[in-house]
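Summary of the model geometry
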Amino acid sequence: MDAQEIAEAVRHGMWAQDRASQSLGMAVLAIAPGSATLAMTVREDMLNGFEICHGGLITTLADSTFAFACNSYNELTVASGFSIDIVAPARLGDRLTAVAREVSLAGRTGVYDITVKNQADQLVAVFRGKSYRIKGKPVVLLPLAPNLDSSEGEA
């Protein structure tokens with residue numbers, strides 16, 4: 001398997017177990033080694049008392065995107081920390097897209113930047129995640145024959 005096929009296998013395996021992302025209506029739009037793109041539409045039940053998307057849910061979208069990106073090499077990787085700056089509100093019906101890119105990967109640690117934008121390509125949030133790899137633990141057992149008929153939340 002090449003690196004892209006491994007990333008796709010990880011995508012399928014992780015998505016099958018990711019009940020949090022599924023419950024929020026997220027969709028995995030793309031994955032590649034060290035990167036991922038997820039999207040989520042802001043629903044009524046995601047609004048806070050100010051009628052804007054709760055910041056924790058924007059953070060969850062960014063964190064899920066971070067998880068797919070840093071696990072794309074099929075080495076179990078967890079967050080060791082992150083920070084987020086929410087720079088604009090997200091509103092009911094907004095389609096948020098989070099794009100993760102690997103900034104650094106050295107040994108067991110990595111740094112990833114995630115941008116969250118709305119459907120008008122306006123920046124909503126900037127997230128930086130720090131990752132830590134668990135030695136010797138794959139995310140999925142390879143070769144995994146992904147179910148290509150699965151939509152994986154893609155909308």
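Everything below is about the structure shown above.
What counts, and at which threshold
Note that residues are indexed from 1 along each chain, following the sequence as it is written. Whole-chain, interface and lining totals are the exception, using all residues; otherwise, since this is a predicted model, local features are given only for residues with pLDDT of at least 70 and side-chain atom pairs are given and counted only at 80 or more. With hydrogens and water stripped out, all remaining heavy atoms of the structure feed into the side-chain values. Only DSSP runs of H or I covering at least 4 residues are called helices, and only runs of E covering at least 2 are called strands; the numbering of each starts at the N terminus. Multiplying 1.5 Å by the residue count of a helix minus one yields the expected span of that helix. For the exposure calls, accessible area comes from a 1.4 Å probe over protein chains only, and a residue counts as buried if that area is under 20% of its type's maximum, exposed if over 50%, partly exposed in between. Note on contacts: a residue pair qualifies if any of its non-hydrogen atoms lie within 4.5 Å across the two residues. Between 30 and 60 degrees the pair is tilted, below 30 it is stacked and above 60 it is edge-to-face, where a pair is any two Phe, Tyr or Trp rings, Trp via its six-membered ring, whose centres lie within 6.5 Å. Two strands are counted as paired when DSSP detects at least two bridges linking them. Where helices are involved, their axes are fitted lines through C-alpha atoms of the stretch in contact, as for all axes, and angles between N-to-C directions lie from 0 to 180°. The salt bridge criterion pairs a side-chain nitrogen of Lys or Arg with a carboxyl oxygen of Asp or Glu, the two atoms within 4 Å.

1. Considerations on helix H1 (residues 3–17)
Taking 1.5 Å of rise per residue, the 15 residues of H1 would be expected to cover 21 Å, and the 22 Å separating its terminal C-alpha atoms lies within 8% of that figure. Buried within H1 are the following residues: Ile6, Ala7, Ala9, Val10, Arg11, His12, Gly13, Met14 and Trp15. Where H1 is buried, its residues contact helix H2 (19–23), strand E1 (27–32) and helix H3 (55–70).

2. Overview of the environment of glutamine 22
With respect to the helices and strands, glutamine 22 occurs in helix H2. Residues glutamine 22 and methionine 40, spaced 18 residues apart in sequence, show a C-alpha to C-alpha distance of 9.9 Å. Setting aside its immediate chain neighbours within four residues, glutamine 22 contacts Trp15, Ala16 and Gln17.

3. Some words on the packing of aromatic side chains
This structure, assessed with the given rule, holds three aromatic pairs. Put simply, the rings of Phe66, Phe82, Tyr112 and Phe127 touch in pairs and so form one group of aromatic residues.

4. Comments concerning the sheet that holds strand E5 (residues 109–117)
In space, the six strands of this open sheet follow the order E1-E2-E4-E5-E6-E3, with antiparallel pairing throughout. The outermost strands of the open sheet, each flanked by one partner alone, are E1 and strand E3 (77–86). Taking the axes of each pair of neighbouring strands and ignoring which way they run, one obtains an average angle of 20 degrees across the sheet. Note: E1 against strand E2 (residues 35–41), five bridges, orientation antiparallel. Each bridged residue has a counterpart across the sheet, and for isoleucine 31 the counterpart in E2 is alanine 36. Sheet strands in contact with H3 are E1, E2, E3, strand E4 (95–106), E5 and strand E6 (123–133), and its direction is about 150 degrees off that of E2.

5. Describing the pattern of salt bridges
Within this structure, the stated rule accounts for six salt bridges. Aspartate 45 is the salt-bridge partner of arginine 43, the closest N and O atoms lying 3.0 Å from each other. You can call arginine 43 partly exposed: its relative accessible area is 29%. A salt bridge links arginine 128 to aspartate 113; the shortest N-O distance between them is 2.6 Å. Residue arginine 128 is found in strand E6, and its partner aspartate 113 is found in strand E5; the two are separated by 15 residues along the sequence. Aspartate 113 sits in the buried class, given a relative accessible area of 18%. A single network of salt bridges, built from pairs that share partners, joins Arg101, Asp113 and Arg128.

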